[in-house]
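Examining the three-dimensional arrangement
Residues per chain are reported as follows:
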Amino acid sequence: KQEVTQIPAALSVPEGENLVLNCSFTDSAIYNLQWFRQDPGKGLTSLLLIQSSQREQTSGRLNASLDKSSGRSTLYIAASQPGDSATYLCAVRPGYQLIWGAGTKLIIKP
Amino acid sequence: SQTIHQWPATLVQPVGSPLSLECTVEGTSNPNLYWYRQAAGRGLQLLFYSVGIGQISSEVPQNLSASRPQDRQFILSSKKLLLSDSGFYLCAWSVLDSSTGELFFGEGSRLTVL
């Protein structure tokens with residue numbers, strides 16, 4: 001059974017720092033992995049999608065990596081800003097249904 | 001570009017009342033459509049998904065039902081709400097027959113059952 005774990009559950013860092021969010025999964029048989037951001041009381045915004053054949057994807061200050069063999073993905077945020085404060089969720093797609101992590105709540109202190 | 005609309009954004013309903021949440025997608029054809037629920041402090045739970053008009057798959061036995069009367073319209077319903085139906089409901093879509101399977105979400109509907 002596929003399980004997705006996100007560590008840490010919460011993270012608070014000063015503005016300007018580079019940071020890494022972690023996502024691990026137990027079964028490497030996935031089609032892709034997707035990172036989302038959720039602001040309080042809002043829907044989810046897709047940040048990056050990494051196909052199973054890819055190693056990383058970049059969008060602006062965000063870089064996501066995927067290592068299927070070790071069952072790990074990282075989301076790297078460069079030069080963090082207060083506007084980056086949100087909950088970040090990762091999800092893997094082994095089939096039609098996504099398997100979700102519980103999320104990392106990120107707070108960027110001005 | 002594709003957009004997804006979901007309404008109402010917020011509603012407060014008494015126990016035993018009916019429910020109807022609506023979701024529409026614009027800018028794409030024949031999408032996969034999904035209803036998720038996010039309870040307070042908990043993860044996302046897939047409730048229903050649909051690969052076409054009238055084709056609904058239910059993931060969890062519950063007090064809710066879903067319908068897809070048109071290609072880009074997905075409706076979540078209940079005949080009689082329970083307290084446990086309270087939560088944040090999210091509609092999502094992805095491209096059908098695509099290897100990417102990227103999922104896009106609406107803004108959500110917060111339901112409080114009293």
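The following refers to the structure shown. Chains are numbered independently. Their residues run from 1 in the order of the written sequence. Working convention: letters from A go to chains and numbers from 1 go to ligands, in the order in which they are written. Where local features are concerned, this predicted model is filtered to residues with pLDDT of at least 70; where side-chain atom pairs are given and counted, the filter is 80 or more; whole-chain, interface and lining totals use all residues. The side-chain numbers reported here are obtained from all heavy atoms of the structure, hydrogens and water having been left aside.

1. Observations regarding the overall build of chain B
A run of H or I in DSSP becomes a helix once it reaches four residues, and a run of E becomes a strand once it reaches two; helices and strands are each numbered from the N terminus. Looking only at helices and strands, one finds zero helices and 11 strands in chain B. Its helices and strands taken in sequence order, chain B reads β-β-β-β-β-β-β-β-β-β-β from the N to the C terminus. For chain B, the spread of C-alpha atoms along the principal axes amounts to about 40 × 25 × 20 Å. Each of the 114 residues in chain B was classed as buried or not, and the buried ones make up 46%. Contact between two residues is taken to exist if any of their heavy atoms lie within 4.5 Å; hydrogens are not considered. Restricting the contact set of chain B to residue pairs at least 6 apart, pairs at least 24 apart contribute 54%. Only the protein chains shown count as covering a residue, and every accessible area follows the Shrake-Rupley method with a 1.4 Å probe. In the structure as shown, chain B presents an accessible area of about 5,400 Å², 52% of it carried by carbon and sulfur atoms. Exposure categories follow from relative accessible area, calculated using a 1.4 Å probe and restricted to protein chains: below 20% of the type maximum is buried, above 50% is exposed, and the middle band is partly exposed.

2. Focus on the sheet that holds strand 3 (residues 19-26) of chain B
Residues and elements named next belong to chain B. On the basis of which strands lie adjacent, the open sheet formed by four strands has the order 1-3-8-7 and antiparallel pairing. Each edge of the sheet is formed by a strand with only one pairing partner; in this case those strands are strand 1 (3-7) and strand 7 (65-70). Ignoring which end each strand starts from, the neighbouring axes of this sheet average 20° apart. Only strands that DSSP links by at least two bridges are regarded as paired with each other. Summarising the sheet, strand 1 and strand 3 pair through five bridges and their orientation is antiparallel. If you follow threonine 3 over to strand 3, its bridge partner there is glutamate 26. Here an axis means a line fitted to C-alpha atoms, over the contact stretch when the element is a helix, while the angle between two N-to-C directions is reported on a 0 to 180 degree scale.

3. Re the interface of chain B and chain A
Tallying the contact residues gives 20 residues for chain B and 16 residues for chain A. Of the roughly 1,500 Å² buried at the junction of chain B and chain A (both faces included), carbon and sulfur atoms supply 51%. A carboxyl oxygen of Asp or Glu within 4 Å of a side-chain nitrogen of Lys or Arg is what we treat as a salt bridge. Linking chain B with chain A are zero salt bridges, by the criterion used here. In the analysis that follows, any N or O atom pair within 3.5 Å is treated as a polar contact, provided that within protein one partner can donate a hydrogen and the other can accept it, and provided that, for residues neighboring in sequence, both atoms belong to side chains. At the junction of chain B and chain A, the tally comes to six residue pairs in polar contact (both at pLDDT 80 or more). Of all elements in the fold, only strand 4 (32-38), strand 5 (44-52), strand 9 (87-94) and strand 10 (104-105) of chain B reach the threshold of two or more residues within the side of chain B that touches chain A. Its residues assigned to classes, the side of chain B that touches chain A shows 10 nonpolar, six polar and four charged. By convention, the term buried area covers the 1.4 Å-probe accessible surface removed from two parts as they join, with the contributions of both added. In this classification, Asp, Glu, Lys and Arg are treated as charged, Ala, Val, Leu, Ile, Met, Phe, Trp, Tyr, Cys and Pro as nonpolar, and every other residue, Gly included, as polar.

4. Details of the sheet that holds strand 6 (residues 56-59) of chain A
Residues and elements named next belong to chain A. Read across the sheet, five strands follow the order 1-3-8-7-6 without closing on themselves; strand pairing throughout is antiparallel. Looking at the sheet topology across the chains shown, the edges are occupied by strand 1 (4-7) and strand 6. Sheet twist, expressed as the mean angle between neighbouring strand axes with direction ignored, is 15°.

5. Describing the nonpolar core
By nonpolar core we mean a set of buried residues, namely Ala, Val, Leu, Ile, Met, Phe, Trp, Tyr and Cys, connected to one another through side-chain atoms within 4.5 Å. With 23 residues, the main nonpolar core has Leu19, Phe25, Leu33, Trp35, Leu75, Ile77 and Tyr88 of chain A as its most contacted residues. Secondary structure elements with two or more residues in this core: strand 3 (19-25), strand 4 (32-38), strand 5 (44-51), strand 7 (62-67), strand 8 (72-77), strand 9 (86-93) and strand 11 (104-109) of chain A. Aside from chain neighbours lying at most four places away, what touches isoleucine 77 of chain A is Glu17, Asn18, Leu19, Arg61, Leu62, Asp84, Tyr88 and Leu106 of chain A. Counting 20 residues, the second-largest nonpolar core is a separate cluster that includes Val25, Phe48, Leu81 and Trp93 of chain B.

6. Regarding the pairing of strand 11 of chain A
All names here are of chain A. On strand 11, burial follows the alternation: Thr104, Leu106 and Ile108 on one face are buried, whereas Lys105, Ile107 and Lys109 on the facing-out side are not. Here five bridges tie strand 2 (residues 10-14) to strand 11, and the two strands are oriented parallel to one another. Bridging across to strand 11, alanine 10 finds its partner in lysine 105. The pairing of strand 9 with strand 11 spans three bridges and is antiparallel. Within strand 11, the residue paired with alanine 86 across the bridge is leucine 106.

7. Focus on unusual backbone geometry
A cis amide bond links isoleucine 7 of chain A to the next residue, proline 8 of chain A, at an omega of 0°. Mapped onto the fold, proline 8 of chain A is located in the loop between strand 1 and strand 2. Geometrically, the link from tryptophan 7 of chain B to proline 8 of chain B is a cis peptide bond, its omega value of 0° lying close to zero. Along the polypeptide, proline 8 of chain B turns up in the loop between strand 1 and strand 2 (10-13). Although it is not a glycine, alanine 79 of chain A sits at a positive phi angle of roughly 45°. In this fold, alanine 79 of chain A is placed in the loop between strand 8 and strand 9. One non-glycine residue, asparagine 30 of chain B, lies in positive phi territory at about 50°. Checked against the element boundaries, asparagine 30 of chain B lands in the loop between strand 3 and strand 4.

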